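Single-letter residue listing:
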Amino acid sequence: MAKIKHHNFLNTVHEVFTDAKNAGVLHLYAGGSSFSGRTIQVEGRELYHFGTTGYLGLEQDERLKKAAMKAIERYGTQFPLSKSYISNPLYGELEESIRKMYGHPIVITKNSTLGHMGVIPSAVDDDDVIILDHQVHWSVQNAAKMLKTRSVPIEMIRHNHLDMLEEKIKKYRDSKRRIWYMADGIYSMYGDYAPVEDLMALAQKYPQLHFYFDDVHGMSWVGKNGTGYVLDKMGELAGNTLLFGTLSKTFGASGAVLACSNQALYDKIKTFGGPLTFSAQLEPASVAAAMASARIHLSPEIYTLQKELRERIDHFNTHLSNTELPLVDHNGSPVFYIGTGMPKTGYNFVNRLMREGYFVNLGIFPAVPVKNTGVRITISRHNQLEEIKALVEAMEHHFPKALEETHTNADRVFHAFKLEPRSDTREKVFDGPKVEVSESIENVDREEWDRYLGGQGVYDWHGLEFLEKAFQGNARPEHNWRFRYVVIRDNSGVPILMAFFSLSLWKDDMLAEAKVSQVIEEERRNDPYHLSSEVLSMGCLFTEGTHMYCDTSHEWVGRAQHALLEWIEVQERTMGAKMTVLRDFPKETSWNDTLYGHGFLRVHMPSSCTVELKGMESIETFVEGLSTRNRRHFRKDIRPYLGRVRKQVVQKLLPSHLVQVKKLFGEVQARNLGLNTFSFPDALFGQMNEDPLWEFIMLSHLDETDRVVGVMFCYNNTGKVYVPAFVGMDYSVLEEFATYRQLLYRTIERAIERGFSKIDFGMTAAFEKRKLGATVRDRYAYLQTDDNFILELLGVMEGQH
């Protein structure tokens with residue numbers, strides 16, 4: 001398989017958000033001339049508001065609103081000057097009030113995102129290391145990544161996985177001064193908690209361990225003076241901890257706050273903290289509203305407000321407990337998450353609830369993995385008990401209907417979130433198309449397979465028979481693949497869809513930049529399977545091309561697509577795959593909306609390259625048909641080198657040559673960290689040598705006639721297409737003989753000699769192939785992973801490991 005281009009994370013997010021926006025569940029505008037907090041107007045309809053993060057409802061408190069209006073009258077709409085020079089007259093009182101709340105020095109920031117950008121680079125030194133919880137808020141991750149320019153290592157662990165955290169601590173405790181673990185106190189999507197008490201115990205064991213908590217969703221509704229979940233669990237702010245809270249969200253005003261008990265570290269951050277120094281300060285209205293809220297937090301009233309919210313949270317939990325709804329995490333926070341699995345089910349469910357009169361939030365990538373899409377519901381003091389109960393009843397009514405309309409079932413949702421259903425949720429969703437699955441190509445009709453999927457790549461019937469033999473019964477796990485062949489038929493037995501899949505061990509950094517793989521390979525010297533996972537892939541690592549036949553004109557094509565995707569989900573679970581990859585699609589494909597709706601992400605692959613040879617009589621005729629520029633390339637960069645080596649086309653290699661070509665292929669593979677795969681088994685090359693459909697185009701040294709300097713491994717696909725599958729080269733003479741360009745030219749020459757009408761040149765080195773007349777087409781892959789893994793994979797791709 002060719003290297004997938006280092007894909008643009010923001011492009012992927014854009015595509016996902018655009019899909020959700022088109023479904024009418026994202027980037028909405030509230031209407032109305034006023035706002036109470038209990039309801040919100042969307043497209044002219046008043047909906048009960050279950051999407052706020054103002055859990056205590058203080059943003060509608062008259063004391064905060066009057067303080068803000070009075071401040072505008074006295075000080076204007078803003079105080080346009082950096083705090084490094086002078087703060088507006090209200091700041092001193094606010095800082096003192098917030099300091100009393102926490103009992104420690106504090107720093108007030110414009111918002112938490114700018115706060116993280118200012119604090120993290122100041123707090124973390126060059127001889128420290130950062131370990132990110134994989135679900136810590138994006139703003140923390142983004143600020144931490146700024147330190148890569150200072151060569152500060154940035155690692156990532158699975159969510160709340162303390163065993164993995166301890167492994168990282170052991171890895172760095174002898175080489176780094178401080179080990180920073182960064183996490184949320186309350187996680188904004190699932191509403192689950194950081195295991196604060198266990199983390200404090202871990203810090204007792206490893207004094208180098210320091211903590212950076214973003215507790216903005218734990219603020220106000222819990223803890224002494226409303227200082228949040230983390231401090232409530234800690235009891236006292238430890239010297240090894242930096243704690244971020246918020247003055248917005250449930251605090252009711254605007255801004256964020258950092259609490260720090262380490263005076264030296266506090267002085268360092270306060271004196272110069274990037275955006276803390278250069279950004280505008282909070283507006284007078286925001287400062288005054290925060291002061292009014294702080295007075296509430298410092299009074300007994302805060303505990304009354306917390307109790308009122310707790311009653312509503314408990315009420316919601318009680319009613320949810322009597323349903324079969326897939327609540328992802330059972331806890332006491334005001335944040336709830338009902339899983340839907342596939343994005344399109346989430347869109348449907350949210351739209352149904354809005355039509356019923358309830359505004360809720362969609363949880364979608366990158367806040368959660370794509371196949372862990374769901375509905376986030378937040379409870380606030382604005383919500384009344386009767387409407388909380390009514391929301392649960394509406395969800396219980398509409399959830400199965402959303403599943404049915406999007407061709408899925410509750411069993412698939414529970415499996416996506418690794419939840420145990422309270423009762424048997426399994427049901428048959430699809431009637432009609434028949435799904436046939438074979439574990440060997442020997443059990444598939446040869447003529448039918450080649451009619452629909454022959455004629456490209458090394459996956460006609462014979463090619464797959466060859467691959468099954470080569471990748472079974474080997475000593476090492478990466479050399480043993482499992483194959484599955486899927487045929488979906490209509491009632492007349494006619495194929496609607498055909499494809500083949502493989503399960504094999506991939507390096508997690510296979511899609512990453514070469515510099516990332518280079519670092520990881522150092523760790524693999526001691527642990528060969530470090531960061532590797534079983535992947536279920538359409539096609540396999542040996543093949544390139546359109547691995548699926550689909551009759552898009554068939555009336556059952558949509559049902560066949562859904563049947564295939566449900567089969568894939570089951571296979572992913574039963575075979576233990578960490579990721580599913582559907583590959584080699586064109587940019588415009590009828591599958592795009594379906595795959596996005598099922599939780600797949602699209603990534604750009606290198607362009608595919610083919611050469612059409614129909615009617616071509618000789619290599620001379622072919623060269624004459626090239627463009628003027630490409631003929632010049634041939635005369636200058638290829639023809640002068642043709643006489644410097646001896647060319648041979650060999651059906652069966654001598655034992656000495658077989659040893660050499662294996663070594664030359666190894667040279668290419670070892671250098672290609674941009675496509676970082678495991679090696680192929682030695683037996684593969686011996687089987688190639690015995691197979692009548694494989695041949696070898698060899699370039700040998702003129703002075704050392706037994707020395708091979710280059711080889712192209714070529715497959716004859718049922719007489720329809722010539723497939724140069726792999727290349728091997730002696731890099732010590734690469735430029736002297738223009739080896740790669742010669743091999744491309746000789747491949748075209750050989751295909752013309754044998755009467756092939758097409759060459760499938762695959763996806764690598766498109767620039768060189770284009771200069772020899774190759775047609776280049778964009779190709780895409782769609783990825784789907786289990787819980788947590790996609791963000792971990794993207795972390796690898798961005799160099800966090």
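Thresholds, definitions, all that
Residues numbered from 1 in each chain as written. Predicted model: local features only at pLDDT ≥ 70, side-chain atom pairs only at ≥ 80, totals over all residues. Heavy atoms only, no water. Helix = DSSP H or I, 4+ residues; strand = E, 2+ residues; numbered from the N terminus. Rg over C-alpha atoms; globule rule 2.2 N^0.38 Å. Buried < 20%, exposed > 50% of the residue type's maximum accessible area, 1.4 Å probe, protein only. Contact = heavy atoms within 4.5 Å. Areas by Shrake-Rupley, 256 points an atom, 1.4 Å probe, with all protein chains shown as cover. Lys, Arg positive; Asp, Glu negative; His and termini not counted. Charge placed at Lys NZ, Arg CZ, Asp CG, Glu CD. Pairing = 2+ DSSP bridges. pLDDT = per-residue confidence, 0-100. Disulfide = S-S within 2.5 Å. Core = buried A, V, L, I, M, F, W, Y, C linked by side-chain atoms within 4.5 Å. Phe/Tyr/Trp six-rings, centres within 6.5 Å; stacked < 30°, edge-to-face > 60°. Lys NZ or Arg CZ within 6 Å of the ring centre and 35° of its normal. Axes fitted to C-alpha atoms, helices over the stretch in contact; angles between N-to-C directions. Parallel < 35°, antiparallel > 145°, perpendicular 65-115°, else oblique. Left-handed = near helix turned anticlockwise from the far one by under 90°.

Colleague: Where do I start with the overall build of the protein chain in this structure?
Modeller: Assigned secondary structure in the protein chain consists of 28 helices and 27 strands. Rg of the C-alpha trace for the protein chain: 31 Å, near the compact-globule value of 28 Å for 801 residues, within the 12% margin. Dimensions of the protein chain, computed from the C-alpha atoms along their principal axes, are close to 90 × 60 × 50 Å. Looking at the protein chain as a whole, 62% of its 801 residues are labelled buried. Within the protein chain, residue pairs in contact and separated by at least 24 positions form 76% of the contacts whose partners lie at least 6 positions apart. Only carbon and sulfur atoms are counted for the fraction: they give 49% of the accessible area of the protein chain, which is about 31900 Å². Taking the average location of the 92 positive side-chain charges in the protein chain and that of its 103 negative ones, the two points are 4 Å from each other.

Colleague: Help me out: how do you make sense of the pairing of strand β23 (residues 694-701) in this one?
Modeller: Where a strand is regular, its side chains alternate between the two sheet faces. Within β23, eight of the eight residues are buried, which leaves it mostly tucked inside the rest of the structure. Here β23 shows no split at all, with Trp-694, Phe-696, Met-698 and Ser-700 on one side and Glu-695, Ile-697, Leu-699 and His-701 on the other all buried. Across seven bridges, the pairing between β23 and strand β24 (residues 708-717) is antiparallel. Bridging from a neighbouring strand, Glu-695 pairs with Cys-714 of β24.

Colleague: Would you explain the confidence of the model for the protein chain in this entry?
Modeller: Keep in mind that low pLDDT regions are not for reading the predicted coordinates in detail. For the protein chain, mean pLDDT is 90; residues scoring 70 or higher make up 94% of the total. For the protein chain, per-element mean pLDDT is lowest for helix α28 (residues 789-797), which scores 50, and highest for strand β12 (residues 358-359), which scores 98. Note that pLDDT drops below 50 for residues 1-7; the model gives that stretch 35 contacts with residues more than four away or on any other chain. Counting interchain partners and residues more than four positions distant, the pLDDT-below-50 stretch residues 426-430 has twelve contacts.

Colleague: Where do I start with the state of the cysteines in this structure?
Modeller: One way to say it: the disulfide is the covalent bond shared by the sulfur atoms of two cysteines. Within this structure, the stated rule accounts for zero disulfides. Here Cys-609 is not cross-linked by a disulfide; its sulfur's nearest cysteine counterpart is in Cys-714, at 15 Å.

Colleague: Just to check I follow, could you spell out unusual backbone geometry for this structure?
Modeller: Negative phi values dominate among residues other than glycine, just as trans dominates among peptide bonds. Of the consecutive residues Phe-365 and Pro-366, the connecting peptide bond is found in the cis state with omega at 10°. With respect to the secondary-structure elements, Pro-366 resides in the loop between β13 (361-363) and β14 (373-378). The phi angle at Glu-43 is positive, at roughly 50°, despite the residue not being glycine. With respect to the element layout, Glu-43 can be found in the loop between β2 (39-42) and β3 (45-49).

Colleague: How do you make sense of the nonpolar core when you look at a structure like this?
Modeller: Generally speaking, soluble globular proteins have nonpolar side chains that are buried together. One finds Ile-98, Tyr-102, Phe-316, Ile-377 and Met-395 to be the most contacted residues of the largest nonpolar core, which totals 117 residues. It is helix α11 (residues 284-297) that provides the largest number of residues to this core, a total of nine residues. In this view, Ile-98 contacts Ile-106, Ile-108, Leu-247, Phe-251, Val-257 and Ala-294; residues no more than four positions away in its chain are not counted. Core analysis: the second largest hydrophobic core is formed by 52 residues, Tyr-485, Val-711, Tyr-715 and Ala-781 among them.

Colleague: What exactly am I supposed to notice about the packing of aromatic side chains here?
Modeller: For any two aromatic rings, the description comes down to two numbers: the centre-to-centre distance and the angle of the planes. All chains considered together, the criterion is met by 40 aromatic pairs. The ring of Phe-678 is capped by Lys-507, whose NZ or CZ atom sits 5.1 Å from the centre of that ring. The side chain of Arg-671 reaches across the aromatic face of Tyr-731, ending 4.1 Å from its centre.

Colleague: Can you help me understand the sheet that holds β3 in this one?
Modeller: Think of a sheet as strands paired side by side through backbone hydrogen bonds, with each pair either parallel or antiparallel. Taken together, the four strands give an open sheet; going across it, the order is β1-β2-β3-β12, and neighbouring strands pair in mixed fashion. Sheet topology places β1 (30-31) and β12 at the edges, where each strand pairs with a single neighbour. Of the strand pairs in this sheet, β3 and β12 are connected by two bridges, and their pairing is parallel. Along β12, the bridge assignment pairs His-49 with Phe-359.

Colleague: I tried to follow the environment of Thr-785 on my own but got confused; where do I start?
Modeller: Its place among the elements puts Thr-785 in strand β27 (residues 775-785). Sequence separation of Thr-785 and Val-287 is 498 residues, and the distance between their C-alpha atoms is 44 Å.

Colleague: I'm lost on the packing of helix α4 (residues 112-123) against helix α9 (residues 263-271) in this one. Help?
Modeller: Helix-helix packing is described using two parameters, namely the angle between the two axes and the distance between the axes. Look at α4 against α9: their axes get within 9 Å of each other, and the N-to-C directions meet at 130°. Judged by the angle between their axes, α4 and α9 are oblique. Between α4 and α9 the crossing geometry is right-handed. Residues Val-119, Ser-122 and Ala-123 of α4 form the contact with α9, whose own contacting residues are Leu-265, Lys-268 and Ile-269.

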